[in-house]
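Chain residues, written in single-letter form:
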Amino acid sequence: MKRVEYPGAILELVAQLRRMPGIGPRSAERIALWMNQSRDARAMEIARAIQAAAEGIRPCVRCGFFSVGDVCEICADESRNGDLLCVVEQATDILPLERTGVYRGRYHALGGRIAPLDHVGPEQLRIKELLTRVDAENPREIILALGADVEGEATANYLADLLREKGVRVTRIAQGLPAGGGLESADELTLSRAMAGRREV
Ligand SMILES: [Zn+2]
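Since the structure is predicted, the reported quantities are computational estimates derived from the model, not experimental observations.

(A) Quick look at the overall build of the protein. Counting its regular elements, the protein contains eight helices and six strands. Mapped in sequence order, the helices and strands of the protein form the string α-α-α-β-β-α-β-α-β-α-β-α-β-α. Taken against the 2.2 N^0.38 rule, which gives 17 Å for 201 residues, the C-alpha radius of gyration of the protein at 22 Å runs more than 25% over that of a compact globule. Based on the C-alpha atoms only, the size of the protein along its principal axes is roughly 75 × 45 × 35 Å. Long-range contacts, defined here as pairs at least 24 residues apart, represent 48% of the contacts in the protein between residues at least 6 apart. When the accessible surface of the protein is split by element, carbon and sulfur atoms take 54% of a total near 13,900 Å². The average position of the 27 basic charges and that of the 29 acidic charges among the side chains of the protein differ by 5 Å.

Structure representation (structure tokens):
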């Protein structure tokens, strides 16, 4: 006797859901069956939302942030401080910085960081575009807001060398103790960077 399975369309949905980050085979099956059986699921709304996001959103040609048109909301905002340009690894790093409310300059997402082991070199990142922007927009300060790991460090050093040649001031965001954290729980590297990055009070 032939082994019975769910119809092909459900199996295909399970297979597609399984490709998503953090979704294992059991969750994928549970979600697929919920979408198919539960009226609350409103599966067509989910389908339309996925389609709208996939077709309607693209990276901003200038900074790389999520955008509906060629240029994103941040780049189109004339009231922004054009003297400051903050370089981040990913477009997803921009909103966390925005939400702090302390920065009103512009951004540039590199699309990653230099990571030779993963075959990511400078030419795979939006570094040429960054240099072109620096020439065109003449920011007074470039803030490197990159990760505090080895690759982030290497990328920051590489960019700092390139940007200093252009005579622009280059800074890095501070590294140190997490808010609410005591010294006893910090690792040596964090503590040594906190010490190196001390400032006048
Ligand atoms: Zn933009």
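(B) Looking closely at the coordination of the zinc ion. Protein coordination of the zinc ion is provided by Cys60 (SG), Cys63 (SG), Cys72 (SG) and Cys75 (SG), with donor distances spanning 2.3 Å. Because the angles between the four donor atoms bound to the zinc ion fall within 103 to 116°, the donor set is best described as tetrahedral. Of note, the donors binding the zinc ion are all from one chain and are spaced C-x2-C-x8-C-x2-C. Note on Cys72: relative accessible area 1%, which makes it buried.

Cut-offs used in this document
Residues numbered from 1 in each chain as written. Predicted model: local features only at pLDDT ≥ 70, side-chain atom pairs only at ≥ 80, totals over all residues. Heavy atoms only, no water. Helix = DSSP H or I, 4+ residues; strand = E, 2+ residues; numbered from the N terminus. Rg over C-alpha atoms; globule rule 2.2 N^0.38 Å. Contact = heavy atoms within 4.5 Å. Areas by Shrake-Rupley, 256 points an atom, 1.4 Å probe, with all protein chains shown as cover. Lys, Arg positive; Asp, Glu negative; His and termini not counted. Charge placed at Lys NZ, Arg CZ, Asp CG, Glu CD. Donors = N, O, S within 2.8 Å, 3.2 Å for Na, K, Ca; no water. Tetrahedral: all angles 85-135°; square planar, octahedral: opposite > 155°, others 65-115°. Buried < 20%, exposed > 50% of the residue type's maximum accessible area, 1.4 Å probe, protein only.

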